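Here is how the chains run, residue by residue.
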Amino acid sequence: MSKVLLMDPDLANKIAAGEVVEKVVSVVKELVENAIDAQATEIKIELVDSGVKEIIVTDDGIGMDKEDAVLCFSRHATSKLKALEDLFNIESLGFRGEALPSIASVSNTTLTTNDGKETTNVVIDGGKIVSVKASDAPKGTKIRVKNLFYNTPVRLKYLKNLYVELANVVEYVDKIALSYPNIRFSLYNNEKNLLNTDGSGNLLKVISKIYGVDVAKKMIPISGSNGDYTITGFISYPEKARSNRNAMTTFVNNRLIRNNDLNKVITDAYHTYIPASKFPIVVLNIEVDPLLIDINIHPTKMDIKFSKMDTLKELLEKLILEKLEHRNLIPTLEAKEETKREESSEILKKIIIANEETSQEEDNNYNRLEEMQLDFDVCEEEVPLYNPNAVDVTKKERIKKMYPVGLALGTYIIAENEDGLYMIDQHAAAERINYEKYLKKMGTHDNHMQDLLIPLKIELSNTDYLILKEKMDKLRDLNFEIEEFGINTILVRSHPYWLPEYALEEAIRKIIDIVISEKEFDPYKFTEKIAITLACKMSIKANDHIEMVAMEDLLDRLRETENPFTCPHGRPTIITYSKYELEKLFMRSMEK
Ligand code: ZN
Ligand code: ZN
């Protein structure tokens, strides 16, 4: 029994297709989300030539009866959503069927579906139903989309090269796999397996499949809630920070979102733990009453607004800092290579970024994929269930006492204890100690002043002097007693007690520079800037000579800081070779 049905006017579909379906990834997204809606526990995505030739999505979901199998290709027939707000309200991923007619209108599509009672096969070419017949297939749905945009050459031209199309699909499938760890996802391109998750519900396992075991080992679970929000997920050790935000994955009620405010709260919580140009790896889900969010932006962009951002910020900050403050965060040098997928995935991400920056007009280069042999092997190593470093400890227990052995390259203190060997950057370590010291002293609002026996004359350039004159009270707030003194000169009569006596003029000049350059006065940021600048200036430098006793004192004081692991610029202060790693590297077990 086959019959030919005409769809809604083709043209409308094609126009819509241009909006909804513009890339391979938009097709994959639609098909995968339909599969999730159909309660699939296993979803297989197969691409031929990055999906440009063929996309097959197979699921083991509830399937459709014959009527629905035909209906789902007719426009406006199957949308379940009434309003945008429903997106975050209901189980459904939304827009089901919305894009399906569009996809079918610009490709050769075959649907085979079994709802447990009957199996139906529907063939559609360019939006026209060619055949509907009974078939035979396991329960679930399989959709094959061939020759995307074959009948709309203009759109075909807009597909970017095979790399970019594939990179976008990989990125999307990675994220959806992270949001559904209980679904088994597999992704293939030209029969090469690119991702394989086990559907066990273990998010850390999914993370290890995507970012590699090395990253998974350095992820810290977080969870907590306040009255409004519940947050669960993983955050990375500072050492795993990346140079872009691609690995910051956030979900709201399990739906992927991209929100700049949220990303900023997260990176701010890592302040001084990582350099300002870096971003942590996070996978976080935020549960919230849909009434507290505002979806005012295009639904495919997945950006939303939180109406109680301040309480969300407070919670998130608390959860992240709580973990960072109770872990041993010293980067460990290990004798091993990164997995191939990590590298290839990095290459793909770079292509995405490069492409976002370049113009749309690019030659479709369908051969490059074969030429360059993007070869990523799926990582099969398991995340160890127990990792001795992956436990919360008290602040004191984070680093055991270290005993200096000597100074290497004039810069790095070599130290040891029963756990292993340490290398400490003497400037970074001193800088952390001094930074926390200044920050604390400046925060006490102690207006203790130090009078100068001989007032200090500071001469400035004409412009600097004029700017400073406007901002004199900022210096007075810091407990400087100052007055104007002739042409472009100020006189310092007394200074805050915490300023170092040595290099006094230099320190005061640094502070004046900050006062002059500061545009908007955020008191905390201002204080912090001074603390960082003074700490950097006043700390022992690389190649400065340091005695053994001073080394030991430095290491002891470093251990007592709030964050002994990084300098205020986010650089590491300590790295370590554990005893175990050293034994491995020297193959000591051979002689046992
Ligand atoms: Zn410095
Ligand atoms: Zn620094």
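Preceding block: the structure.
Definitions and limits used
- For every chain, the first residue of the written sequence is number 1, and numbering continues from 1 along that sequence.
- Think of it this way: whatever chain is written first is A, whatever ligand is written first is 1, and the rest follow in order.
- Only residues with pLDDT of 70 or above have their local features reported here, since the model is predicted, and side-chain atom pairs are shown and tallied only from 80 upward, although totals for entire chains, interfaces and linings are computed over all residues.
- Side-chain calculation: all heavy atoms of the structure are included, whereas hydrogens and water are not.
- To qualify as a helix, a DSSP run of H or I must reach at least 4 residues; to qualify as a strand, a run of E must reach at least 2; elements of each kind are numbered from the N terminus.
- Each residue is assigned to one of three classes by its accessible area relative to the maximum for its type, calculated with a 1.4 Å probe on protein chains only: buried under 20%, partly exposed between the two thresholds, exposed over 50%.
- The accessible surface values rely on the Shrake-Rupley method and a 1.4 Å probe; as for residues, cover is taken only from the protein chains in view.
- Helix axes are fitted to C-alpha atoms over the stretch in contact, other axes to C-alpha atoms as well, and angles between N-to-C directions run from 0 to 180 degrees.
- Each crossing gets its hand from how the near helix is turned against the far one by less than a right angle, where anticlockwise is left-handed and clockwise is right-handed.
- Any two residues whose heavy atoms approach within 4.5 Å at even a single point are treated as in contact.
- Here the nonpolar group is Ala, Val, Leu, Ile, Met, Phe, Trp, Tyr, Cys and Pro; Asp, Glu, Lys and Arg are the charged ones; every other residue, Gly included, is treated as polar.
- A 2.8 Å cut-off from the metal defines N, O and S donors, relaxed to 3.2 Å for Na, K and Ca; water is not in the atom list, so some sites may appear incomplete.
- A strand pair is defined by DSSP finding two or more bridges across the two strands.
- Residues adjacent in sequence count toward polar contacts only when both atoms are side-chain atoms; beyond that, a polar contact is any pair of N or O atoms within 3.5 Å, and within protein one must be able to donate a hydrogen and the other to accept it.
- For a helix, the expected span equals 1.5 Å multiplied by the residue count minus one.
- By definition, the arc is the one covered by directions from the helix axis to the C-beta atoms.
- We call a set of buried Ala, Val, Leu, Ile, Met, Phe, Trp, Tyr and Cys residues a nonpolar core when their side-chain atoms join them within 4.5 Å.
- In this analysis, rings of Phe, Tyr and Trp, with Trp reduced to its six-membered ring, are considered paired at centre separations within 6.5 Å, and the interplanar angle assigns stacked below 30 degrees, edge-to-face beyond 60, and tilted for intermediate values.
- As a reminder, the over-ring test applies to NZ of lysine and CZ of arginine, requiring each to be within 6 Å of the ring centre and within 35 degrees of the ring normal.
- A pair is scored as a salt bridge if a Lys or Arg side-chain nitrogen falls within 4 Å of a carboxyl oxygen belonging to Asp or Glu.

Peer 1: Please explain the overall build of the protein as it appears in this structure.
Peer 2: Along the protein, the regular secondary structure elements total 19 helices and 22 strands. Burial statistics for the protein: of 592 residues in total, 50% are counted as buried. Within the structure as shown, the protein displays about 29,000 Å² of accessible surface, and the carbon and sulfur contribution to it stands at 52%.

Peer 1: I keep staring at the packing of helix α9 (residues 260–269) against helix α10 (residues 309–324) and nothing clicks. Help me out?
Peer 2: Angle between the axes and distance between the axes: these two values describe a pair of packed helices. Interhelical geometry of α9 versus α10 gives an angle of 35° and a closest axis separation of 9 Å. Considering only the axes of α9 and α10, their crossing is right-handed. Of α10, the residues touching α9 (which contributes D261, L262, V265, I266 and A269) are M309, L312, K313, L316, E317, I320, L321 and L324. For the contact of α9 with α10, the per-class residue count stands at 10 nonpolar, no polar and three charged.

Peer 1: I'm lost on the coordination of the zinc ion (ligand 1) in this one. Help?
Peer 2: Taken together, the protein donors to the zinc ion (ligand 1) comprise H427 (NE2), E431 (OE) and C536 (SG), at separations of 2.1 to 2.3 Å. In this structure, the zinc ion (ligand 1) is positioned 3.8 Å from the zinc ion (ligand 2), and both are ligated by E431. In this pair, H427 and E431 are both assigned in helix α13 (residues 426–443), four residues apart and thus about one turn of the helix distant. Assigned by exposure class, H427 and E431 land together as buried.

Peer 1: Is there a simple way to explain the sheet that holds strand β20 (residues 481–484) in this structure?
Peer 2: Hydrogen bonds along the backbone pair up the strands of a sheet, which may run parallel or antiparallel. Judged by pairing direction, the sheet is antiparallel, and its three strands sit side by side in the order β19-β21-β20 without closing on themselves. Whereas interior strands pair on both sides, the edge strands pair on one side only; in this sheet they are β19 (449–459) and β20. The average angle at which neighbouring strand axes cross in this sheet is 15°, direction not considered. Two strands pair when backbone bridges link them, and β19 and strand β21 (residues 489–496) are joined in this way by seven bridges, in the antiparallel orientation. Residue L456 lies in a different strand from β21, and its bridge partner there is V492. Along the sheet face, helix α16 (residues 504–517) touches β19 and β21 and points at about 70° away from the line of β19.

Peer 1: What's the story with the side chain of S50 in this structure? I'm lost.
Peer 2: Among the secondary structure elements, S50 is positioned in the loop between β1 (42–48) and β2 (54–59). From its side chain, S50 meets the backbone oxygen of L162 in a polar contact 2.9 Å long.

Peer 1: Just to check I follow, could you spell out helix α18 (residues 548–559) for this structure?
Peer 2: Each α-helix winds once per 3.6 residues, and so residues spaced three or four apart point in a common direction. Helix length check: α18 (12 residues) gives 17 Å between terminal C-alpha atoms against 16 Å at 1.5 Å per residue, within 8%. Residues of α18 that are buried include every one of M551, L554, L555 and L558, and no others. Viewed along the axis of α18, the buried residues span an arc of 95°, placing them on a single side of the element. Contacts made by the buried residues of α18 are with β16 (403–408), β17 (412–417), β18 (420–425), α13 and β22 (574–578).

Peer 1: Got a minute to help me understand the environment of C536 in this structure?
Peer 2: Structurally, C536 can be placed in helix α17 (residues 523–538). What makes C536 partly exposed here is its relative accessible area of 28%. On a C-alpha basis, the gap between C536 and H427 in space is 8.0 Å, while along the polypeptide they are 109 residues apart. Ignoring sequence-local partners within four residues, the contact set of C536 consists of H427, E431, K541 and H569.

Peer 1: Can you walk me through the nonpolar core in this structure?
Peer 2: Most often, soluble globular proteins keep nonpolar side chains buried together rather than apart. With 64 residues, the main nonpolar core has V28, V32, I43, I45, F185 and I207 as its most contacted residues. Of all the elements, helix α6 (residues 162–179) adds the most residues to this core, at nine residues. Those residues in contact with I45 that lie beyond four places of it in its chain are V28, V32, I56, V57, V173, F185, S186, L187 and Y188. Residues Y270, F279, A415 and L558 belong to the second largest nonpolar core, which totals 51 residues.

Peer 1: Looking at this structure, I do not really get the sheet that holds β2. What am I missing?
Peer 2: Judged by pairing direction, the sheet is mixed, and its eight strands sit side by side in the order β5-β4-β3-β6-β2-β1-β7-β8 without closing on themselves. Sheet topology places β5 (128–134) and β8 (192–196) at the edges, where each strand pairs with a single neighbour. Neighbour-to-neighbour, the strand axes of the sheet open up by a mean angle of 10°, direction not taken into account. Pairing geometry for β1 and strand β7 (residues 184–189), over six bridges, is parallel. Note on β7: the bridge partner recorded for I43 is F185. Relative to the sheet, helix α2 (residues 24–37) contacts β1, β2, β6 (140–146) and β7, its axis offset from that of β2 by approximately 10°.

Peer 1: What is the right way to read the environment of H448 from this model?
Peer 2: When you line up the elements, H448 lands in the loop between α13 and β19. Judged by its relative accessible area of 49%, H448 falls in the partly exposed class. Here the alpha-carbon distance between H448 and W498, two residues 50 residues apart in the chain, equals 8.7 Å. Contacts of H448, omitting those with residues within four sequence positions, involve P496 and Y497.

Peer 1: Explain the packing of aromatic side chains here, please?
Peer 2: The relative placement of two aromatic rings is captured by the distance of their centres and the angle of their planes. One pass over the structure, following the stated rule, counts two aromatic pairs. The interplanar angle of 70° and the centroid separation of 6.1 Å between the aromatic rings of Y229 and F306 together place this pair among those described as edge-to-face. Taken as a pair, Y229 in strand β10 (residues 229–236) and F306 in strand β15 (residues 305–306) lie far apart in primary sequence, 77 residues in all. Here the guanidinium or amino end of K437 rests over the ring plane of Y438, the centre of that ring lying 5.3 Å away.

Peer 1: Please clarify how helix α7 (residues 203–211) should be interpreted in this entry.
Peer 2: The buried fraction of α7 amounts to eight of the nine residues, a majority that puts the element mostly inside the structure. Listed in full, the buried residues belonging to α7 are L203, L204, V206, I207, S208, K209, I210 and Y211. Positive backbone phi, approximately 95°, marks G212, located one or two places after α7.

Peer 1: Is there a simple way to think about the pairing of β10 in this case?
Peer 2: Every other side chain in a regular strand lies on the same face of the sheet, so the side chains alternate between the two faces. Burial of β10 is extensive: six of the eight residues sit out of reach of the surface. Where strand β9 (residues 219–225) and β10 come together, seven bridges link them in antiparallel fashion. Within β10, the residue paired with S225 across the bridge is T230. Adjacent in sequence and paired antiparallel, β9 and β10 are bridged by three residues. Relative to strand β13 (residues 282–288), β10 runs antiparallel, the two being bridged by seven bridges. The residue bridging I235 from the neighbouring strand is V282, located in β13.

Peer 1: How should I be thinking about the pattern of salt bridges in this particular structure?
Peer 2: Pairs can form between side chains of opposite charge whenever their charged atoms are close. If you walk through the whole model with that rule in mind, you get 20 salt bridges. With a closest N to O distance of 3.2 Å, E552 and K401 form a salt bridge. Highlighted residues: E552 in helix α18 and K401 in the loop between α12 (368–372) and β16, separated in sequence by 151 residues. The closest approach of N and O atoms between K401 and D556, which form a salt bridge, is 2.9 Å. Here D556 lies in helix α18 and K401 lies in the loop between α12 and β16, a separation of 155 residues in the sequence. Overall, the relative accessible area of 25% leaves K401 in the partly exposed class. Take D556: its relative accessible area is 22%, and that puts it in the partly exposed class. Salt bridges linked by common partners bring K401, E552 and D556 together as one network.

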